[in-house]
Amino acid sequence: GIQVEQSPPDLILQEGANSTLRCNFSDSVNNLQWFHQNPWGQLINLFYIPSGTKQNGRLSATTVATERYSLLYISSSQTTDSGVYFCAGLQGGSEKLVFGKGTKLTVNP
Amino acid sequence: DAMVIQNPRYQVTQFGKPVTLSCSQTLNHNVMYWYQQKSSQAPKLLFHYYDKDFNNEADTPDNFQSRRPNTSFCFLDIRSPGLGDAAMYLCATSLILGMDQYFGPGTRLLVL
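Per chain, the residues get numbers from 1 upward, laid out in the order the sequence is written. All chains are assigned letters beginning with A, and all ligands numbers beginning with 1, in the order in which they are written. With the structure being a predicted model, the display of local features is reserved for residues of pLDDT at least 70 and the display and counting of side-chain atom pairs for 80 or more, all residues being used for whole-chain, interface and lining totals. With hydrogens and water set aside, each side-chain value is computed from the structure's full complement of heavy atoms.

Draft legend 1. Structural view of a nonpolar patch on the surface. All names here are of chain B. Together, Val12, Leu110 and Leu112 give the surface a local cluster of nonpolar side chains, amounting to about 290 Å² of exposed area. Secondary structure elements are defined from DSSP: runs of H or I of at least 4 residues count as helices, runs of E of at least 2 residues count as strands, and each element is numbered from the N terminus. Among the structural elements, Leu110 can be located in strand S11 (residues 107-111). Accessible area is worked out with a 1.4 Å probe on protein chains only. A residue is then buried under 20% of its type maximum, exposed over 50%, and partly exposed in between. On the basis of relative accessible area, Leu110 is assigned to the partly exposed category, the value being 44%. Within the patch definition used here, like charges are joined within 9 Å and nonpolar side chains (Val, Leu, Ile, Met, Phe, Trp, Tyr) within 5 Å, considering only residues with over 30% relative accessible area and no salt bridge. Computed with the Shrake-Rupley method and a 1.4 Å probe, the accessible areas treat only the protein chains shown as cover for residues. We count a salt bridge whenever a side-chain nitrogen from Lys or Arg sits within 4 Å of a carboxyl oxygen from Asp or Glu.

Written out as structure tokens, the structure reads:
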């Protein structure tokens, strides 16, 4: 099955800073999602982005499927952005969403 | 608002005492999933239902069972919880296989 690697594993920012989170996958994927897990444990669906670029407010994501990576951009970070960011991919022919180990983001006031 | 609902949010059970976690959805999605997430780890898929078709992951212990009585509801039964089963249990849905998944708030299970 596919392997999903995320970097960096931990990131500490001051409020207002920008950041880029990266997700590499070992094989082509048909479905690439980014999630934010808040401190209460809920996984919030950020982007469904098999390819291309999408933007939602201060967040945007880009997936380059041919090069097997995806990036999540967070601009003007806020303390409420803290939590763990997961990317997950679905390999062709499989129903199983494979998660990376996550990036733990801490935004300090 | 359409959503995925899990009850209870916190569940305490005793070692070996059967426990049932529930999930309901108002999205009218065909697929429902159960994940287990232990501390500082990524979610791990236990099984999923596509309509009434049940699909078990090969490494899911027999101690874990699931029921889907109708489109809206899905249950996770742990027949004899062990201390190692303490975790967050997440329910998710998708319209069809391969589409984006939407997660509920999770049930945190504590085994004493």
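Draft legend 2. Highlighting the sheet that holds strand S7 (residues 64-67) of chain B. Residue and element names in this part refer to chain B. Strand pairing is assigned whenever DSSP identifies at least 2 bridges connecting the two strands. Judged by pairing direction, the sheet is antiparallel, and its four strands sit side by side in the order S1-S3-S8-S7 without closing on themselves. Whereas interior strands pair on both sides, the edge strands pair on one side only; in this sheet they are strand S1 (4-7) and S7. Going from strand to strand, the sheet's axes swing by 20° on average, the running direction of each strand aside. Pairing of S7 with strand S8 (residues 73-78), which is carried by four bridges, proceeds in the antiparallel orientation. Across the sheet, Ser66 pairs through a bridge with Leu76, a residue of S8. Helix axes use the C-alpha atoms of the stretch in contact, all axes being lines fitted to C-alpha atoms, and the angles between their N-to-C directions lie in the range 0 to 180 degrees.

Draft legend 3. Representation of the side chain of Asp77 of chain B in the model. Residue and element names in this part refer to chain B. Looking at where Asp77 falls in the secondary structure, it is placed in strand S8. With a relative accessible area of 14%, Asp77 lands in the buried category. N or O atoms within 3.5 Å of each other form a polar contact, as long as, within protein, one can give a hydrogen and the other can take it, and as long as residues adjacent in sequence are counted only when both atoms are side-chain atoms. A polar contact of 2.6 Å, which involves the side chain of Asp77, links it to the side chain of Thr20. Within the local environment of Asp77, its side chain forms a polar contact with the side chain of Arg67, the two groups lying 2.7 Å apart.

Draft legend 4. Quick peek at the state of the cysteines. In this description, a disulfide is simply a cysteine sulfur pair whose atoms lie within 2.5 Å. This structure, assessed with the given rule, holds two disulfides over all chains. Cys23 of chain A shares a disulfide with Cys87 of chain A; S-S distance 2.0 Å. In this structure, the disulfide formed by Cys23 of chain A and Cys87 of chain A twists by about 75° around the S-S bond and is classed as right-handed. In this pair, Cys23 of chain A is assigned in strand S3 (residues 19-25) and Cys87 of chain A in strand S9 (residues 83-91), connecting sequence segments 64 residues apart. No difference in accessibility class separates Cys23 of chain A from Cys87 of chain A, as the two residues are buried. The residue that forms a disulfide with Cys23 of chain B is Cys91 of chain B, at a sulfur-sulfur distance of 2.0 Å. What sets the handedness of the Cys23 of chain B and Cys91 of chain B disulfide is the S-S torsion sign, and at about -75° it is left-handed. Note that Cys23 of chain B is positioned in strand S3 (residues 19-25) and Cys91 of chain B in strand S9 (residues 87-94), a separation of 68 residues in sequence. A single burial state applies to Cys23 of chain B and to Cys91 of chain B, both of which are buried.

Draft legend 5. Spatial organisation of the packing of aromatic side chains. Paired rings are identified among Phe, Tyr and Trp, the last through its six-membered ring, by centres lying within 6.5 Å, and are further divided according to the angle between planes into stacked (under 30 degrees), edge-to-face (over 60) and tilted (the rest). Inspection of every chain in the model, using the stated rule, returns eleven aromatic pairs over all chains. With a centroid separation of 5.1 Å and 50° between ring planes, the pair formed by Tyr49 of chain B and Phe54 of chain B is classed as tilted. An aromatic cluster is present here, built from Phe35, Phe86 and Phe99 of chain A together with Tyr33, Tyr35 and Phe103 of chain B joined pairwise through their rings. Charges are assigned to positions over rings by a cutoff of 6 Å between ring centre and Lys NZ or Arg CZ, combined with an angular limit of 35 degrees from the ring normal. Directly above the ring of Tyr69 of chain A sits Arg22 of chain A, whose terminal nitrogen or CZ lies 4.2 Å from the centroid.

Draft legend 6. Quick peek at the interface of chain B and chain A. Any two residues whose heavy atoms approach within 4.5 Å at even a single point are treated as in contact. In this complex, chain B contributes 22 residues to the contact, which on the side of chain A involves 17 residues. Taken together, both faces of the contact between chain B and chain A bury some 1600 Å²; the carbon and sulfur share is 57%. Buried area: the accessible surface (1.4 Å probe) lost by two parts on joining, summed over both. Three residues, Asp100, Gln101 and Phe103 of chain B, lead the burial of chain B against chain A; their summed loss comes to 26% of the area buried on that side. The tally of links from chain B across to chain A stands at one salt bridge. For the salt bridge of Lys96 of chain A with Glu57 of chain B, the shortest nitrogen-to-oxygen distance reads 3.4 Å. Here chain B and chain A share six residue pairs in polar contact (both at pLDDT 80 or more) between them. Among the elements of the structure, strand S4 (31-37), strand S5 (44-50), S9 and strand S10 (102-103) of chain B are those that each provide at least two residues to the side of chain B that touches chain A. The element contributing the most residues to the side of chain B that touches chain A is S4 of chain B, with three residues. Charged means Asp, Glu, Lys or Arg here, nonpolar means Ala, Val, Leu, Ile, Met, Phe, Trp, Tyr, Cys or Pro, and polar covers whatever is left, Gly included. Here the side of chain B that touches chain A is composed, by residue class, of twelve nonpolar, six polar and four charged.

Draft legend 7. Structural detail: empty space enclosed by the protein. Cavity and pocket criteria rest on a 1 Å grid covering protein atoms alone: a 1.4 Å probe that fits but cannot get out defines a cavity, protein on both sides within 12 Å along at least 5 of 7 lines defines an open pocket, and an atom within 4 Å of a point defines a lining residue. Grid points are joined across faces, edges and corners, and a volume is the space filled by probe spheres set on the points. Tallied over the full model, the rule gives one cavity of 30 Å³ or more. One number sums up the size of the largest cavity: a volume of about 40 Å³. Partitioned by chemical class, the residues of the lining of the largest cavity number four nonpolar, one polar and two charged.

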